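# Inside the fold
Chain by chain, the residues run as shown.
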Amino acid sequence: MSQPVIVWFRQDLRLNDNPAFAAAIQSNAPIIPVFVDDTAYGRAAGTTSLWWRNTSLRALAGDLKTRGLTLIYRKGDGLALMRALVEETNAATVFWNRQYEKDTIARDTQLKSWLKENNRNGVGHVGNLFFDPWQIINKNSGSHYKVFSPFWKACLQAGLPCDLSVPPAQLTAPEQWPKSQPLPEASAAPATGMDALWQPGERGALKMLDMFFENSFDGYADNRDTPGGVTTSRLSPHLRWGEISPQRIYASLGEERIDTNDGRKFLSEIGWREFSYYLLYHYPDMPERCLQQKFETFPWRDAPEDLEAWKQGRTGYPIVDAAMRELATTGFMHNRTRMIAASFLTKHLLIDWREGERWFWECLADADPANNAAGWQWTAGCGADAAPYFRIFNPIIQGRKFDPDGTYTKTYAPELANLTGKVIFAPWEASSDTLSDAGISLDVDYPAPIVKHETARARALDVFHAL
Ligand SMILES: Cc1cc2nc3c(=O)[nH]c(=O)nc-3n(C[C@H](O)[C@H](O)[C@H](O)COP(=O)(O)OP(=O)(O)OC[C@H]3O[C@@H](n4cnc5c(N)ncnc54)[C@H](O)[C@@H]3O)c2cc1C
């Protein structure tokens, strides 16, 4: 039997539309699918995202099994383990879809050189983006883009690729399987509301896309800023672990959807994801360092009690608290409320965006090496193409505008369920009769605000202005 090849699954936990897997199939060699829980390269997943990944791995292993293949799972140093596995199996080629964090790039480069020195091949593919980040260049400056709109225009002009594939029902297994450690145990979801909401794995991703087209696609451009109800696709955790590719999403939009306002808007959001990875590649320190250097000396407050109140959804600002509690109960947060909650932490509380980034990393199912840091830097005002520092979301007005009847806020802050009208978003403005009719004693049933909006806003503007 011919020498086997290895497919190294990483952030691409799917079999369809998987260029690395498709290339291995095309080689006609026996295939050894591998997942390495890499403890040496790449940022370790937070609790919620790790639960997602482990559940998804089981789904992937099941899908491989039906095609006659066994997923080999090993935990440890990714580079060392892959070298050992190649030697052990005498694999001729290792196929993978590229990752773009600086240390994963370094790891893959080293592996590729080592394979070459040993008369073998390492072949990387674009599996989770439309383009490798070095492919899109600003022709005027000869450098990379720093602003989203021209970047996305250049992507569209280059023509979004659509590399789709379906693997055959049976694949060739090696004569002998290498040893595998047991897959991580199935465990209960870390948050109570997660099981009902999510189905990690490729099948769950495709189902989510269908549900989006059926229920929320029409009107997406207008509704996507409304956090109450399901107004967006909720594909982000599936995209994060590569259970579906952006190219599949693009193809599924089809001609009749793509030429609509909703289609263009939705595709441009996938474009924002592409841009985040582009930035991560061009600014490898993005998860730790401000893209605008001057923010590195910003006098962030060390305020552990305020940080804790924010994490627990007890700031006294209902839309912020609802957002943080949505995160705690579902592992997800709507994009509008991510911006409101992040703005509140970095501007009202003047707490370093990295504290917020770390908390989101721990709690989000979609916690993503590129999108999370880019989202935080954008909101804090220190990123590329960022919201200007003087844009300080007013959490009261944001609530009234985007959650007008309080559907979202009351879902996650049910102690406010009996309030109506504008005071839902500023309970301290309600008369004592209104509060007592609603069964609320401020600072007992629901916290009083931990900062006064006007004071916090003025303080933030002063500090940002002095930069
Ligand atoms: C502070 C902050 C932190 C964030 N952290 C993450 C994160 O860790 N992981 C993550 O995937 N997204 C993150 N985002 C971006 C965005 O909030 C989510 O991608 C979006 O809410 C996911 O919901 P959806 O899948 O229903 O989005 P949809 O509106 O249906 O959009 C479709 C897809 O486009 C991409 N997308 C949408 N909006 C953005 C955006 N603003 N930036 C980049 N990509 C986008 C996502 O992959 C999303 O799944 C963050 C945003 C902010 C402001």
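Residues numbered from 1 in each chain as written. Predicted model: local features only at pLDDT ≥ 70, side-chain atom pairs only at ≥ 80, totals over all residues. Heavy atoms only, no water.

### Details of the pattern of salt bridges
Spelled out, the test is: Every case where a carboxyl oxygen of Asp or Glu lies within 4 Å of a side-chain nitrogen of Lys or Arg is listed as a salt bridge. Numbered from the N terminus, helices here are DSSP runs of H or I no shorter than four residues, and strands are runs of E no shorter than two. Working definition: with a 1.4 Å probe on protein chains only, accessible area under 20% of the residue-type maximum means buried, over 50% means exposed, and in between means partly exposed.
Within the structure shown, the criterion is met by 22 salt bridges. The partner of R43 in a salt bridge is E357, with the nearest N and O atoms 2.9 Å apart. Within this pair, whereas R43 is found in the loop between β2 (31–38) and α2 (47–65), its partner E357 is found in helix α15 (residues 353–363), the two being separated by 314 residues in sequence. Owing to a relative accessible area of 31%, R43 belongs among the partly exposed residues under this scheme. Notably, a salt bridge pairs E269 with R224, separated by 3.1 Å at the nearest N-O pair.

### Let's talk about the state of the cysteines
By definition, a disulfide links the sulfur atoms of two cysteine residues through a covalent bond. Quick reminder of the rule: The definition used for a disulfide is geometric: two cysteine sulfur atoms within 2.5 Å.
Per the counting criterion, the structure on display carries zero disulfides. Just so you know, C162 is unpaired, no disulfide at all, and the nearest cysteine sulfur is the one on C155, 14 Å from it.

### Some points on the domain arrangement of the chain
What counts, and what does not: The start and end points of each domain follow an automatic or database-based domain assignment. Residue contacts follow a heavy-atom distance rule, with two residues in contact if any of their heavy atoms lie within 4.5 Å. Once two parts are brought into contact, the accessible area they lose, counted with a 1.4 Å probe and summed over both, makes up the buried area.
We note that the domain assignment places domain 1 (5–127), domain 2 (128–161 + 201–282) and domain 3 (293–465) within the chain. Of note, the centres of domain 1 and domain 2, computed from C-alpha atoms alone, are 25 Å apart. At the interface, 21 residues of domain 1 touch 23 residues of domain 2. When the two sides are added together, the surface that domain 1 and domain 2 hide from each other amounts to roughly 2,000 Å², 49% of it contributed by carbon and sulfur. Sorting the residues of domain 1 by area buried against domain 2 places Q11, W52 and Y100 first, and these three jointly supply 37% of that buried surface. Where domain 1 packs against domain 2, one counts three salt bridges. With a closest N to O distance of 2.4 Å, D63 and R203 form a salt bridge.

### A word on unusual backbone geometry
Positive phi, close to 55 degrees, is recorded for R234, a residue that is not glycine. For R234, the location among the structural elements is in the loop between α8 (220–223) and α9 (236–240). Note on R234: relative accessible area 13%, which makes it buried. The backbone of D443 shows a phi angle near 75 degrees, a positive value even though the residue is not glycine. Along the chain, D443 turns up in the loop between α19 (432–437) and α20 (453–465). Residue classification places D443 among the exposed residues on the basis of a relative accessible area of 56%.

### As for the packing of helix α3 (residues 78–89) against helix α4 (residues 102–117)
Condition: For helices, the axis comes from a line fit to the C-alpha atoms of the stretch in contact; other axes are also lines fit to C-alpha atoms, and the angle between any two N-to-C directions lies between 0 and 180 degrees. Between 65 and 115 degrees an angle is taken as roughly perpendicular, under 35 as roughly parallel, over 145 as roughly antiparallel, and anywhere else as oblique. What makes a crossing left-handed is the near helix being turned counterclockwise from the far one by less than a right angle; a clockwise turn instead makes it right-handed. Three residue categories are used. Nonpolar comprises Ala, Val, Leu, Ile, Met, Phe, Trp, Tyr, Cys and Pro, charged comprises Asp, Glu, Lys and Arg, and polar comprises the others, including Gly.
Two elements in contact, α3 and α4, have axes separated by 10 Å at closest approach and are oriented at 25 degrees. Taken together, the axes of α3 and α4 lie roughly parallel to each other. By crossing handedness, the relation of α3 to α4 is classed as right-handed. Between α3, through G78, L79, M82, R83, V86 and E87, and α4, the contact on the second element is made entirely by R107, Q110, L111, W114 and L115. Class assignment of the residues belonging to the contact of α3 with α4 gives a composition of six nonpolar, two polar and three charged.

### A word on the packing of aromatic side chains
In plain terms, the rule: For Phe, Tyr and Trp, rings pair up if their centres lie within 6.5 Å, where Trp contributes its six-membered ring, and each pair is then called stacked (planes under 30 degrees apart), edge-to-face (over 60) or tilted (otherwise).
Applying the stated rule across the entire model yields 34 aromatic pairs. Aromatic pair Y100 and Y277: ring centres 6.4 Å apart, planes at 75 degrees, arrangement edge-to-face. With Y100 in the loop between β4 (93–97) and α4 and Y277 in helix α11 (residues 261–282), this residue pair connects regions lying 177 residues apart in the sequence. You can call Y100 buried: its relative accessible area is 4%. Arranged with centres 5.8 Å apart and planes meeting at 35 degrees, the rings of F212 and F213 form a pair that is tilted. By the burial criterion, F212 is buried, and F213 matches it. Ring pairing ties together the aromatic residues F130, F148, F151, W152, Y250, W272, F275 and Y278, which thus form one cluster.

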